[in-house]
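# Fold and geometry: a report
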Amino acid sequence: MTTLSNLKEKLEKIKKENPRINAFIQLRDEEELIEEAKKIDEKIAKGKAGKLAGKIIGVKANINVKGLNASCASKTLEDYKSPYDASVIKKIKDEDGLIIGMTNMDEFACGGSGETSAFGVCQNPSVFGLIPGGSSSGSAAAVAAGFCDLSLGSDTGGSIRNPASHCGVVGIKPTYSSVSRYGLIDLSMSLDQIGPLGKNVSDCELLLNVIKGKDECDSISQDKRIEKINKNFTIGILDLSDLKVDSRIEKIINEKIEKVAKKKNWKLKKIRINYIDLAVETYYPLVYVEFFSGTRKFDGRRYGMKIEDVAGSEVLRRVFGGSEITKAEYHGRYYYQALKAKKLIEKEFAKAFKVVDAIISPTVPCLPWKIGEKISVEEMYAADALTIPANLAGCCAISIPAGEMNGVPVGMQIMCDKFQEQKLFEIAREVERI
Ligand code: GLN
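The notes below deal with the structure included here. (Residues numbered from 1 in each chain as written. Predicted model: local features only at pLDDT ≥ 70, side-chain atom pairs only at ≥ 80, totals over all residues. Heavy atoms only, no water.)

The description of two packed helices rests on the angle between their axes and on the distance between the axes. Viewed as axis vectors pointing N to C, helix H8 (residues 279-294) and helix H11 (residues 335-355) meet at an angle of 130°, and their least axial separation amounts to 9 Å. Viewed along their axes, H8 and H11 adopt a mutual orientation that is oblique. Here H8 and H11 pass one another in a crossing that is left-handed. Packed against H8, whose contacting residues are Ala279, Thr282, Pro285, Leu286, Val289 and Glu290, the element H11 presents Tyr335, Ala338, Leu339, Ala341, Lys342 and Ile345 at the interface. Considering only residue class, the contact of H8 with H11 consists of nine nonpolar, one polar and two charged. (Axes fitted to C-alpha atoms, helices over the stretch in contact; angles between N-to-C directions. Helix = DSSP H or I, 4+ residues; strand = E, 2+ residues; numbered from the N terminus. Parallel < 35°, antiparallel > 145°, perpendicular 65-115°, else oblique. Left-handed = near helix turned anticlockwise from the far one by under 90°. Contact = heavy atoms within 4.5 Å. Nonpolar A, V, L, I, M, F, W, Y, C, P; charged D, E, K, R; others polar.)

Have a look at this one:
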């Protein structure tokens, strides 16, 4: 298929179904897109096209794409037009990926349901009426609905893997510092990573290989060379006894991995990560403080509206909560304690990865709830209990479809040690295939 015919097919689907799904909150000018698609096709014909030629790509609305609106799905930045390309966007353009528009998300990436966007809730194309998950809700929904081939999301505590799981697509959170965050409007600088979502493991691998690596504009970004992989894998099955997990989901995941392990002759081993039950409580003080500090620039003078004047309740909870716990009298009580707990959990993972090649669990401990259903803040935060640990540890993790429960997709999470993405893809591809 040519880039042009692919684009036309996607545009048609978007026109027909996006009003109902609300995965895209901004699309690029159609004529401009068509012109660009034609140029890419010419390059393909001459054998001069880049690695992403032919792929149509959606971008989460918290990543700067020159000329488009990085609104973070907030009234705060409703009229903010990006003056520059994020480093990941530059790399995508250099490899001839065609960016089609900006995807919906939870406001400022605060949330896990896709319901907190200021521009309307995003629907789950796989099970209409249920949440798509979040915060990269539009990026997952757009892939699931066939609006684009690939998309970019950002993941602080699960925002790529959680919606990937609920929408039945693949999503990867790369190793901390392996992808440049220059141009990302971040939620929490010590946890965030940009990563790809796609229909299958190989597509995600393709996009990750384009965007990863050292970038002069992001001082913590780095390249790491990985030694050869020994394919006699030992897979750790995460001990879930300290956590609240729907036993039916656990069963789907266990049955799936047992089947794959048997076929591939992999060893299975139950693995315990101490303190994993503290992950959610460790995560939120870090996020509240770093988000509060990061949002001080949204004071209504430089970039649109003052955040406190227009943002929704979840964003305000974090801004005011963060302001409170950074007060001098609490010095050392919350943020520094959380940093210490983060270190402990990171060490536990390092220990585990000496014994196993990968750790497997459900991606989300519960099924997606109904859009609009009232759930408590605690319940919402607990939905990330299995994804947050990888962010605290800084390792890489993927969510891939593992089955269904009454037609609702269930995702399997596979976590590997830092910079072991190659191994992660190797394992994920086998699970996907079998
Ligand atoms: N749901 C989590 C939160 O609200 C994760 C968000 C994210 O990864 N951006 O913080």
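This brings us to helix H7 (residues 247-264). With 18 residues, H7 extends 26 Å between its outermost C-alpha atoms, agreeing within 8% with the 26 Å of an ideal straight helix rising 1.5 Å per residue. Every buried residue of H7 is accounted for by Ile249, Ile252, Ile253, Lys256, Ile257, Val260 and Ala261. Down the axis of H7, the sector holding all buried residues measures 155°, keeping them to one side. With respect to the buried face of H7, the exposed residues turned more than 90 degrees away are Ser247, Lys251, Lys259 and Lys262. Following H7 by one or two positions, Asn265 adopts a phi angle in the positive range, close to 65°. (Expected span 1.5 Å × (residues − 1). Buried < 20%, exposed > 50% of the residue type's maximum accessible area, 1.4 Å probe, protein only. Arc of directions from axis to C-beta.)

To continue, consider the nonpolar core. Counting residues in each nonpolar core, the largest one holds 111 residues, and the members touching the most others are Phe108, Ile359 and Ile414. Counting residues in hydrophobic clusters, the runner-up holds 27 residues, among them Leu7, Leu98, Cys122 and Ala164. (Core = buried A, V, L, I, M, F, W, Y, C linked by side-chain atoms within 4.5 Å.)

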